[in-house]
Amino acid sequence: MLTRNCLSLLLWVLFDGGLLTPLHPQPQQTLEAEPRENVVPVPGRRSSAQRVKRGWVWNQFFVLEEYMGSEPQYVGKLHSDLDKGVGTVKYTLSGDGAGTVFTIDETTGDIHAIRSLDREEKPFYTLRAQAVDVDTKKPLEPESEFIIKVQDINDNEPKFLDGPYVASVPEMSPVGAYVLQVKATDADDPTYGNSARVVYSILQGQPYFSIDPKTGVIRTALPNMDREVKEQYQVLIQAKDMGGQLGGLAGTTTVNITLTDVNDNPPRFPKSIFHLKVPESSHVDCSLNFETKKAYTFKVEASNLHLDHRFHSVGPFKDTATVKINVLDMDEPPVFSKPVYTMEVYEDTPVGTIIGAVTAQDLDAGSSSVRYFIDWKNDGNSYFTIDATEGTIATNELLDRESTAQYNFSIIASKVSNPLLTSKVNVIINVLDVNEFPPEISVPYETSVCENAKPGQVIQTITAVDKDLSPAGQRFSFRLSPEASNKPNFTVHDYRNNTAGIETRRQGYSRRQQELHLLPVVIEDSSYPVQSSTNTMTIRVCRCDADGSILSCNVEAIFLPVGLSTGALIAILLCIVILLVIVVLYVALRRQKKKDTLMTSKEDIRDNVIHYDDEGGGEEDTQAFDIGALRNPKVIEDNKIRRDIKPDTLHFPRQRQPAEDNTDIRDFINQRLHENDVDPTAPPYDSLATYAYEGNGSVAESLSSIDSLTTEADEDYDYLSDWGPRFKILADMFGEEESYNPDKVT
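Source: prediction; values computed, not measured.

A.B. asks: Now, about the overall build of the protein chain: what can you tell me, with residues and values included?
C.D. replies: The helix and strand tally for the protein chain stands at six helices and 40 strands. The long-range fraction of contacts in the protein chain, counting pairs at least 24 apart against all pairs at least 6 apart in sequence, stands at 66%.

Laid out in structure tokens, this is it:
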């Protein structure tokens, strides 16, 4: 029992929703309440249920089209049974036009149309409504769909889509004869009121025609309407709808009705003789020429082919008349004697040579002279000229048939009396060939001969071509050049059909001795003057099998008799390269090893560094002291001659005195060495001691001002000027005659 109640509750939740009730104030709306009941479980009891009535169920709402009020148009109201009026329910709207055309009050459920609607644009809108709990945002009712229909008003007039109309009816037709049916359409709703009901009427065209107000069929209203009395009728038709809201709207169209002829009258000419004048250049079936025939006379008969039996008693339905046509003379352009002129000229003809002439005449009564000129629009006009009076055509440039074989241009002839009257004729000039090019071999042949070839064997068949236009029966002859006739290798056999064969003249050929053979062949034509050319053919010696099939013509053929293939040759070359690389690496290693064995180990040489500061007498004083005192006394330093300048005199290097003779420096060093030896603070290991020593006996004496007892004002520096140009700046600085200017120092 509990399981059954749970299933019932689940089915109710899935298939039945909430409780919504639509409210609508318009009288057109009909609400259809369905007699459906839902079973809702009572809280606290699983086996009992209470019945509640169904919520909203409706068909549709209505809204009036073309609403022009200042306030939004009220459509209807949605209401849920769960809405207690305390603001806990929110109504939502979705679907066609939701938010743009229709809005809903979220609290009250009122639906309004916020803009004017047109039924002809969209007749109805399908929307969906739902009630949602304001706090939980969950639906209280299942979403329900409804329709808002746009109610039609009479705002469209009937229209004739096919108008204006054109119709015809035979003359003498009886009353009620069918003429035409017109049709008008109204865009209003045909299912609502009489807005789309159309009624037809004639505004203009009585009493000749009538119209059915419902079907729009037009018929004749008078009998025996004669075409000779009136042929065209214009009828104005009106279509009006029966809508009552705007008093009815109407549309109009016109119908043009023509009375067609029937065979009720015999033919009659207005007069018996007709005099006509026709220009000779008129477009008629035959060419009229005043100079040939000036007038034409003939008779014309008119009769009815299709007789109406109702009018047989009238009499014979035919009549005759005489027509005389006079041809008028017209001023016509000149006429050429030929429709096309064809001429021939040899190439390289001298400039000014006359090659032909054209002729045109004025055939009018007053004959006029004719002038000729070339149509300058043609690209070939610069090659020819024409005599304006005689019409003779002459060359203006040298012609080359190989460049242009044919010229096509136009000659214009005009009358002197009326230059506007012109005629044109086409001229074709064919350039004839002159034998100026020698014949040549047609294609570059690749000829080969087998090493085992036999005498008389044909190894190649050759042909020749000529750049000139070869005449009918042109013959080419082939022969060897005189210098090749004495060589016993090959010969040329002329077949006398514009072909020749290259034949061998000896038994076998050796590729090792000569791989290529050059064969000069002379080709001569049979035209006048005779032209000939020498063409050299290259014949390659190849290795062939016993049947004469070529096996190879490349370098490989030289080694094939030895039995070496291409793969074997490549392997041999690779081995040679590898051996060369090994030899080069071996020689390089031997040289490196020899260098290592010649190197000796260096002795541990302890350098004695001696530093002193000895001031000499300038750069030119080279005898102040001997630098050899600071070097190994056992090493004698030789003077080296400079190679960048040429010495004044060539002298042999001299030996300097040993350092022992320089007692001044020696005593200074010994004194300092003794002081270090007796110094108790000196380190117990060898160390480097540096001293500054100026030396004695310098010509400049000491430059230091530490021990000077006199001031600069008491010192005389004139002796600096005697020391030479190297001390000139120093002498200027301390001189009395000229004060020192730092800006002059460079």
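A.B. asks: Mind laying out the state of the cysteines, listing which residues take part and the relevant values?
C.D. replies: A complete count under the given rule lists two disulfides for this structure. Disulfide pairing is shown between Cys450 and Cys544; the S-S distance is 2.0 Å. Here the disulfide of Cys450 and Cys544 is left-handed, its torsion about the S-S bond being about -85°. In this pair, Cys450 is assigned in strand S33 (residues 447-450) and Cys544 in strand S39 (residues 532-544), connecting sequence segments 94 residues apart. You'll find Cys450 and Cys544 in the same group, each marked buried. Between the sulfur atoms of Cys542 and its disulfide partner Cys553 the distance amounts to 1.7 Å. Here Cys542 and Cys553 share a disulfide; its torsion about the S-S bond, 110°, makes the bridge right-handed. Linking Cys542 in strand S39 with Cys553 in the loop between strand S40 (550-552) and helix H3 (556-559), this pair joins segments that are 11 residues apart in sequence. Looking at Cys542, the relative accessible area reads 0%, which means it is buried. Take the cysteines of the protein chain that form disulfides and number them in order along the sequence; they join up as 1-3, 2-4.

A.B. asks: Mind laying out the sheet that holds strand S12 (residues 165-170), listing which residues take part and the relevant values?
C.D. replies: Sheet architecture is open: four strands sit in the order S12-S19-S18-S15, paired in mixed fashion. In this open sheet, the two edge strands, each paired with only one partner strand, are S12 and strand S15 (198-204). The sheet shows a mean angle of 30° between the axes of neighbouring strands, direction not considered. Looking at chain direction, strand S18 (residues 232-241) and strand S19 (residues 250-260) are connected through nine bridges and run antiparallel. Its bridge partner lying in S19, Leu236 is registered against Thr254.

A.B. asks: So, the packing of aromatic side chains: which residues are in play, and what are the values?
C.D. replies: Inspection of every chain in the model, using the stated rule, returns 11 aromatic pairs. Centroid distance Phe384 to Tyr407: 5.2 Å. Interplanar angle 80°. Geometry classified as edge-to-face. Taken together, the positions of Phe384 in strand S28 (residues 384-386) and Tyr407 in strand S30 (residues 406-415) put the pair 23 residues apart, joining distant regions of the chain. Summarising the burial analysis for this pair, Phe384 and Tyr407 share the class buried. Ring centres of Phe490 and Tyr509 lie 5.1 Å apart, and the angle between their planes is 0°; this geometry places the pair in the stacked category. Remark: Tyr509 occurs in the loop between strand S37 (499-504) and strand S38 (516-525) and Phe490 occurs in strand S36 (residues 490-494); sequence separation between them is 19 residues. You can call Phe490 buried: its relative accessible area is 4%.

A.B. asks: Describe the sheet that holds strand S25 (residues 354-357), with residues and values.
C.D. replies: One open sheet accounts for three strands, arranged S25-S29-S28; its pairing is antiparallel. Lying at the two open borders of the sheet, with one neighbouring strand each, are S25 and S28. Strand-to-strand, the axes of this sheet are offset by a mean angle of 25°, without reference to chain direction. Pairing analysis gives three bridges linking S28 to strand S29 (residues 392-395), with the strands arranged antiparallel. Of the residues in S29, the one forming a bridge with Ile386 is Ile393.

A.B. asks: Can you explain the pairing of S19? Please cite residues and give values.
C.D. replies: As judged from the six bridges shared by S12 and S19, these two strands associate in the parallel manner. Pairing of Val169 across the sheet is with Leu259, part of S19.

A.B. asks: Tell me about unusual backbone geometry, residues and numbers included.
C.D. replies: Residue Pro164 is bonded to the preceding Gly163 through a cis peptide linkage, with omega at -5°. For Pro164, the position within the fold is in the loop between strand S11 (159-160) and S12. A positive phi is found at Met172, a non-glycine position, where the angle reads about 65°. Tracing the backbone through its elements, the reader meets Met172 in the loop between S12 and strand S13 (178-181). Under the relative-accessibility criterion, Met172 is labelled partly exposed at 26%. Notably, Arg496 is not glycine yet its phi reads approximately 60°, a positive angle. Locating Arg496 in the fold gives a position in the loop between S36 and S37.

A.B. asks: Give a description of the environment of Asn426 that names residues and reports values.
C.D. replies: Turning to its location among the elements, Asn426 is positioned in strand S31 (residues 422-432). Note on Asn426: relative accessible area 25%, which makes it partly exposed. Distance from Asn426 to Asp375, taken between C-alpha atoms, is 9.9 Å for residues 51 residues apart in sequence. Those residues in contact with Asn426 that lie beyond four places of it in its chain are Pro339, Val340, Tyr341, Asn408, Phe409 and Ser410. Separated by 3.1 Å, the side chains of Asn426 and Asn408 make a polar contact.

A.B. asks: Tell me about the confidence of the model for the protein chain, and name the residues and values.
C.D. replies: Per-residue confidence for the protein chain averages 75 on the pLDDT scale, and 70% of its residues sit at or above 70. Per-element mean pLDDT across the protein chain ranges from 30 in strand S2 (residues 37-41) up to 94 in S25. In the predicted structure, residues 600-607 sits below a pLDDT of 50 and forms one contact with residues beyond four places in sequence or in another chain. Contacts of residues 629-646 to residues separated by more than four positions or lying in other chains number 13 contacts, the stretch itself having pLDDT below 50.

Calculation notes
Every residue gets a number counted from 1 within its own chain, in the order that chain's sequence is written. Note on the predicted model: pLDDT of at least 70 is required for a residue's local features to be given, and 80 or more for side-chain atom pairs to be given and counted; whole-chain, interface and lining totals, by contrast, use all residues. Hydrogen atoms and water are omitted, and side-chain values are computed over all heavy atoms in the structure. Only DSSP runs of H or I with at least four residues qualify as helices, and only runs of E with at least two residues qualify as strands; both kinds are numbered from the N terminus onward. Contacts are assigned to residue pairs with any non-hydrogen atoms lying within 4.5 Å of each other. In what follows, a disulfide is any cysteine sulfur pair within 2.5 Å. Remark: exposure states derive from per-residue accessible area (1.4 Å probe, protein chains only) relative to the maximum for the residue type, with buried under 20%, exposed over 50%, and partly exposed in between. Here, any two strands with at least 2 DSSP bridges between them count as paired. Axis angles are defined between N-to-C directions and span 0 to 180 degrees, where every axis is a line fitted to C-alpha atoms and, for a helix, only to the segment in contact. Between 30 and 60 degrees the pair is tilted, below 30 it is stacked and above 60 it is edge-to-face, where a pair is any two Phe, Tyr or Trp rings, Trp via its six-membered ring, whose centres lie within 6.5 Å. N or O atoms within 3.5 Å of each other form a polar contact, as long as, within protein, one can give a hydrogen and the other can take it, and as long as residues adjacent in sequence are counted only when both atoms are side-chain atoms. Confidence per residue, as judged by the predictor, is encoded in pLDDT with a range of 0 to 100.

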